[in-house]
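# Fold and contact review
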Amino acid sequence: MLYVTNDIAIQDWELSESFIRASGPGGQNVNKVSSAVELRFEAARSPSLPAPVKARLKRLAGRRWTNEGAIVLQCDETRSQARNREIVRERLVELIARALIAPKRRIATKPTKGSVRRRLDAKKARGEIKSLRGKIADE
């Protein structure tokens, strides 16, 4: 079980891990040991996450969200399989924690009369400057 907060815990059946060979440096070790971790979290089917959190999680996950509604995270930072496993689980917890925070609603405000007047005066002055740049008509 993976604990996100005191209220939210992810069950083991929602997570599946697979180990693959990592790319990059590592000498002979990289050809022998499958140290990279691919974590798959069935987010859409998760009973522990409310619907608004799932929607925010989908937006935050971006292209890591699959068509089946799962989040796929990979880690091959270290040569240790256990450490890569810890890192990818921490990333998942951070992602879910960010999705738990509901964004503040924006309150629409009107500009003050003074700011509108100043803006229009500035536009008028700028238009005047530009009109004076034209050719001078013969009188």
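What you see is a predicted model, and the numbers here were worked out from it, not measured in a lab.

### Points about the environment of arginine 126
As for its position among the elements, arginine 126 is in helix α4 (residues 113–131). With relative accessibility at 44%, the residue arginine 126 sits in the partly exposed group. Taking C-alpha positions, arginine 126 is 56 Å from valine 4, a pair spaced 122 residues apart along the chain.

### Let's talk about the nonpolar core
With 24 residues, the main nonpolar core has Ile10, Phe41, Leu57, Ile71, Leu92 and Ile96 as its most contacted residues. For this core, the elements supplying multiple residues, two or more each, are β4 (36–41), α2 (51–61), β5 (71–75) and α3 (81–100). With seven residues, α3 is the single largest residue contributor to this core. Ignoring sequence-local partners within four residues, the contact set of leucine 57 consists of Phe41, Ala43, Leu49, Trp65, Ile71, Leu95, Ile96 and Ala99.

### Observations concerning the packing of α2 against α3
Close contact between α2 and α3 brings their axes to 8 Å; oriented N to C, the two are set at 125°. With respect to α3, the element α2 is oriented oblique. Pair α2 / α3 crosses with right-handed handedness. Mapping the contact onto sequence places Val53, Arg56, Leu57, Leu60 and Ala61 in α2 and Leu95, Ile96, Arg98, Ala99 and Leu100 in α3. Per-class residue counts for the contact of α2 with α3 are eight nonpolar, no polar and two charged.

### Quick notes on the environment of aspartate 7
Within the secondary structure, aspartate 7 is located in the loop between β1 (2–3) and β2 (9–10). When the C-alpha atoms of aspartate 7 and glutamate 42 are compared, they prove to be 18 Å apart, with 35 residues separating the residues in sequence.

### A closer look at the sheet that holds β4
Overall, antiparallel pairing links the three strands, which are arranged β3-β4-β5 in an open sheet. In this open sheet, the two strands that pair with only one neighbour each are β3 (15–20) and β5. Strand-to-strand, the axes of this sheet are offset by a mean angle of 20°, without reference to chain direction. Looking at chain direction, β4 and β5 are connected through five bridges and run antiparallel. Each residue of the ladder has a partner; that of phenylalanine 41, found in β5, is isoleucine 71.

### Things to note about the pattern of salt bridges
For side chains of opposite charge, pairing can occur when their charged atoms come near one another. Enumeration according to the criterion identifies eight salt bridges in this entry. Glutamate 17 is the partner of arginine 89 in a salt bridge, and the nearest nitrogen-oxygen pair spans 3.1 Å. Linking arginine 89 in helix α3 with glutamate 17 in strand β3, this pair joins segments that are 72 residues apart in sequence. Judged by relative accessible area, arginine 89 falls into the partly exposed class, the value being 21%. Among the salt bridges present, the one from glutamate 42 reaches arginine 45, with a minimum N-O distance of 4.0 Å.

### Side note on the side chain of arginine 56
Looking at the secondary structure, you find arginine 56 in helix α2. When sequence neighbours within four positions are dropped, the list of residues in contact with arginine 56 reads Ala99, Leu100, Ile101, Ala102 and Pro103.

Rules used throughout
- Residues numbered from 1 in each chain as written.
- Predicted model: local features only at pLDDT ≥ 70, side-chain atom pairs only at ≥ 80, totals over all residues.
- Heavy atoms only, no water.
- Helix = DSSP H or I, 4+ residues; strand = E, 2+ residues; numbered from the N terminus.
- Buried < 20%, exposed > 50% of the residue type's maximum accessible area, 1.4 Å probe, protein only.
- Core = buried A, V, L, I, M, F, W, Y, C linked by side-chain atoms within 4.5 Å.
- Contact = heavy atoms within 4.5 Å.
- Axes fitted to C-alpha atoms, helices over the stretch in contact; angles between N-to-C directions.
- Parallel < 35°, antiparallel > 145°, perpendicular 65-115°, else oblique.
- Left-handed = near helix turned anticlockwise from the far one by under 90°.
- Nonpolar A, V, L, I, M, F, W, Y, C, P; charged D, E, K, R; others polar.
- Pairing = 2+ DSSP bridges.
- Salt bridge = Lys/Arg side-chain N within 4 Å of Asp/Glu carboxyl O.

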